[in-house]
Amino acid sequence: MKTPPTLLSRNCVLSFIGEEDWEILHEIMKDEGVKQFLPDFYNIIKLKEDFLCVMNSFAVLCDKDESIIWGIYLKGSLIGFIGLLDIPQNTTIFYSVDKKFRCKGLAKESVSAVIEYIKKMNLSDNIYSEVFEDNAASIAVLENNGFIPTHRIENKIAFLRRIK
């Protein structure tokens, strides 16, 4: 099984999420913010068995170089996650930070670290994301990392970040 490379941001370490942290990750993923702003994701991880299937699916997709998921660690503790899907054709970024650590710039610097990794490894020409229009914090994270809004899809805003 491939493991994602470890990335460093100013305050965080983005690295492989070992099974010893899956329980913590599952709790982070069941947060009300994830439920509100990543509802499709939330709906497929509510039950522990489903969560384990999702984590195993990420491992399979990582082995195929189609997806990556990192844990966001602060001082050795898992505080969130960030991932890429559909590499390289429609590379899409998604992320969430535990509510106790929001609004501290940690998501912003984690997204920045992933963008730098994509550039360095030449993984994709573009990165996409979709954010609910009432998620001002996530919109700011993307815009502060050079993403531009491209269009609306119902109550979401689609964003694009060109790499080249």
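Description of the structure in this document. (Residues numbered from 1 in each chain as written. Predicted model: local features only at pLDDT ≥ 70, side-chain atom pairs only at ≥ 80, totals over all residues. Heavy atoms only, no water.)

**Thoughts on the nonpolar core**
Turning to step 1, where the next piece is worked out: Membership of the largest hydrophobic core comes to 31 residues, with the highest contact counts inside it found for L14, W70, I82, I93 and V114.
Turning to step 2, where the next piece is worked out: For this core, the secondary-structure elements that each account for two or more residues are β2 (12-15), β3 (68-74), β4 (77-85), β5 (92-97), α5 (106-121), β6 (126-132), α6 (136-144) and β8 (156-162).
Turning to step 3, where the next piece is worked out: Residue contributions to this core peak at eight residues, all from α5.
Turning to step 4, where the next piece is worked out: Residues in contact with L14, not counting those within four places in the same chain, are P5, T6, L7, W70, G71, I72, I82, S110, A113 and V114.
Turning to step 5, where the next piece is worked out: In this structure, F41, V54, F58 and F81 belong to the second largest nonpolar core, which totals 16 residues. (Core = buried A, V, L, I, M, F, W, Y, C linked by side-chain atoms within 4.5 Å. Buried < 20%, exposed > 50% of the residue type's maximum accessible area, 1.4 Å probe, protein only. Helix = DSSP H or I, 4+ residues; strand = E, 2+ residues; numbered from the N terminus. Contact = heavy atoms within 4.5 Å.)

**A short note on the layout of surface pockets**
Turning to step 1, where the next piece is worked out: Looking at the largest pocket, its volume works out to about 920 Å³.
Turning to step 2, where the next piece is worked out: Lining the largest pocket we find 37 residues, and of these F37, L38, Y95, N135 and S138 sit closest to its centre.
Turning to step 3, where the next piece is worked out: Put simply, the parts of the chain that give the lining of the largest pocket at least two residues each are α2 (32-37), α3 (39-43), α4 (48-63), β5, α5, β6 and α6.
Turning to step 4, where the next piece is worked out: Take the lining of the largest pocket: its biggest share by element is six residues, from β5.
Turning to step 5, where the next piece is worked out: Grouping the constituent residues of the lining of the largest pocket by class yields 22 nonpolar, eight polar and seven charged. (1 Å grid on protein atoms, 1.4 Å probe; cavity = no way out; pocket = protein on both sides within 12 Å on 5 of 7 lines; lining within 4 Å. Points joined across faces, edges and corners; volume = space filled by probe spheres on them. Nonpolar A, V, L, I, M, F, W, Y, C, P; charged D, E, K, R; others polar.)

**A look at the pattern of salt bridges**
Turning to step 1, where the next piece is worked out: Per the stated rule, a full pass over the model turns up seven salt bridges.
Turning to step 2, where the next piece is worked out: For D31, the salt bridge identified is with K99, shortest N-O distance 3.8 Å. With D31 in the loop between α1 (22-29) and α2 and K99 in the loop between β5 and α5, this pair connects stretches of sequence that are 68 residues apart.
Turning to step 3, where the next piece is worked out: We classify D31 as buried; its relative accessible area is 10%.
Turning to step 4, where the next piece is worked out: Residue class for K99 comes out exposed when judged on its relative accessible area of 56%.
Turning to step 5, where the next piece is worked out: When salt bridges that share partners are traced, they join D31, K99 and R102 into one network. (Salt bridge = Lys/Arg side-chain N within 4 Å of Asp/Glu carboxyl O.)

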